[in-house]
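Architecture and fold: a report
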Amino acid sequence: MDDTHYMKIALDLAKKGEGLTSPNPMVGAVIVKEGKVVGTGFHKALGEAHAEVAAIDEAGASAKGATLYVTLEPCNHTGRTPPCTRKIVDANISRVVAAMKDPNPDVKGGGIDYLKQHGIDIVLGVCKDKAKKLNEAFIKYVGTKRPFVIIKCAATLDGRIATKTGDSRWVSGKESRAFVHRLRHAVDAIMIGINTVKQDDPSLTTRLNDLKGHDPFRIILDTHLAISENAKVLRLNSASDTIIVTGNSISEKKKAQIENKRIRIIKSPVKDGLIDLDSLMDRLGDFGITSVLIEGGSRVIAKALDEKIVDKIIFFYAPKIMGGDDGVPVCKGQGPDLMNDCIPVKDINVRRFGDDVMIEGYINRK
């Protein structure tokens, strides 16, 4: 077996920490000796043992002279846990294969150099692109202190996300909806506008069949604090918080009543009558939110694209046609005059979920 084979095992292990490690990255590790896997580990949750430590502990004495495969450069600093580099040296591991260097400028890496100084052979860059995609939110957040932003929507083949009455249940099939709950599990926050709350009254929680899902923060954009006090998002039994983002001109009496429900309200700058999303991303980054999933509606999606805060899109297209021009479009508002001025999307990935087609891609910044 070559290095790529074992690194793919490490990447699969790392993904088991999805939704549980933020703001830390997902990391997996595999220890191999004489062609046999003797230890595995992954970072299970914030504050728990790092992947390398778990793998070394499992390998025990077999780690001596072995190769460690790890999806991210081992840490060389003391944070919530001691440095992994010391553990690797003390275990007498002879070779380390890392997928990528640590992108966090705050910790200044140093893990690879430390291991080299202690006589350990280093191979860097095996499955680098897959490792970067796995931790794309972490990479953006540590580099910019702003969250990685994903737009998700489900539309008919002719680009409508709801009928003229606002009915959107259900545009996509159950397989697509199940995948969306996995997306929710993976991110720190979901964001929607007040019109979506009024129309659909969603819970914005995570519901998974095979494991206990992580509920992300629920962020409601509500410039004038028009939300009903009976909305589901204000009455949930959830471990995560609901955050309502408003402008400055709101009823202080209603604000106090909603805050009495243990709901967090933050005031944010307004641009063109709507919440300034670019400014809000800085605020959310300050809160430690590393990733945001925008689930609608069409005005919020359009504004997010217009303000250039979006990194990734995930569009589901269902095999149905609205057949009219009076339904709700994916984006609402004014578009460009020329096709050449459309927003380009790159690195496209296409998948099937039942009869639905999912298109995933990244915004190509011009």
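Scroll up for the structure.
Residues numbered from 1 in each chain as written. Predicted model: local features only at pLDDT ≥ 70, side-chain atom pairs only at ≥ 80, totals over all residues. Heavy atoms only, no water.

**Comments concerning the overall build of the chain**
Regarding its fold elements, the chain presents 11 helices and 18 strands. Each principal axis of the C-alpha distribution contributes one length, and for the chain these read about 65 × 45 × 40 Å. A buried classification covers 52% of the 366 residues belonging to the chain. Restricting to contacts in the chain with at least 6 residues of sequence separation, those with at least 24 account for 71%. Of the roughly 18,000 Å² of accessible surface on the chain, a fraction of 48% belongs to carbon and sulfur atoms. Both charge centroids of the chain, one from 55 positive and one from 47 negative side chains, sit 3 Å from each other. (Helix = DSSP H or I, 4+ residues; strand = E, 2+ residues; numbered from the N terminus. Buried < 20%, exposed > 50% of the residue type's maximum accessible area, 1.4 Å probe, protein only. Contact = heavy atoms within 4.5 Å. Areas by Shrake-Rupley, 256 points an atom, 1.4 Å probe, with all protein chains shown as cover. Lys, Arg positive; Asp, Glu negative; His and termini not counted. Charge placed at Lys NZ, Arg CZ, Asp CG, Glu CD.)

**So, the pattern of salt bridges**
If you walk through the whole model with that rule in mind, you get 16 salt bridges. Between arginine 352 and aspartate 355 there is a salt bridge, and its shortest N-O distance comes to 3.9 Å. Looking at arginine 352, the relative accessible area reads 57%, which means it is exposed. Take aspartate 355: its relative accessible area is 58%, and that puts it in the exposed class. Within the structure, one salt-bridge network assembled from shared partners comprises Lys133, Glu136, Lys312 and Glu360. (Salt bridge = Lys/Arg side-chain N within 4 Å of Asp/Glu carboxyl O.)

**What to know about the sheet that holds strand β5 (residues 121-124)**
Pairing is mixed in the open sheet, where five strands are placed in the order β2-β1-β3-β4-β5. The open sheet has two free edges, formed respectively by β2 (36-42) and β5, since each of these has just one partner strand. Neighbour-to-neighbour, the strand axes of this sheet turn through a mean angle of 15°, independent of strand direction. Summarising the sheet, strand β1 (residues 28-33) and strand β3 (residues 67-70) pair through four bridges and their orientation is antiparallel. Pairing of valine 32 across the sheet is with threonine 67, part of β3. Sitting on the sheet, helix α1 (residues 3-15) touches β1, β2, β3, β4 (95-98) and β5, and the angle it makes with β1 is about 145°. The sheet contacts of helix α2 (residues 51-59) involve β1, β2 and β3, and relative to β2 the element is tilted by about 140°. (Pairing = 2+ DSSP bridges. Axes fitted to C-alpha atoms, helices over the stretch in contact; angles between N-to-C directions.)

**Some words on unusual backbone geometry**
Here serine 22 and proline 23 are connected by a cis peptide whose omega angle stands at 5°. Relative to the helices and strands, proline 23 is located in the loop between α1 and β1. In this model, arginine 169 is joined to tryptophan 170 through a cis peptide bond whose omega is -10°. Phi at arginine 262 takes a positive value of approximately 65°, unusual for a residue other than glycine. The class for arginine 262 is exposed, based on a relative accessible area of 77%.

**Re the side chain of glutamate 136**
Here glutamate 136 is to be found in helix α6 (residues 136-144). Relative accessible area serves as the criterion here: at 15%, glutamate 136 is assigned to the buried category. In this structure the side chain of glutamate 136 is engaged in a polar contact, spanning 2.8 Å, whose partner is the side chain of lysine 312. Beyond its immediate chain neighbours, meaning those up to four positions away, glutamate 136 contacts Phe148, Lys312 and Tyr362. (Polar contact = N/O pair within 3.5 Å; in protein donor to acceptor, adjacent residues only side chain to side chain.)

**Side note on the pairing of strand β10 (residues 242-246)**
Within β10, five of the five residues are buried, which leaves the element mostly enclosed by the surrounding structure. The two faces of β10 match: Thr242, Ile244 and Thr246 on one face and Ile243 and Val245 on the other face are all buried. As defined by bridge partners, strand β9 (residues 217-221) adjoins β10 across four bridges and the pair is classed as parallel. Paired with arginine 218 across the two strands is threonine 242, which belongs to β10. Across four bridges, β10 lies against strand β11 (residues 264-267) in parallel orientation. Residue pairing across strands places threonine 246 opposite lysine 267, the latter belonging to β11.

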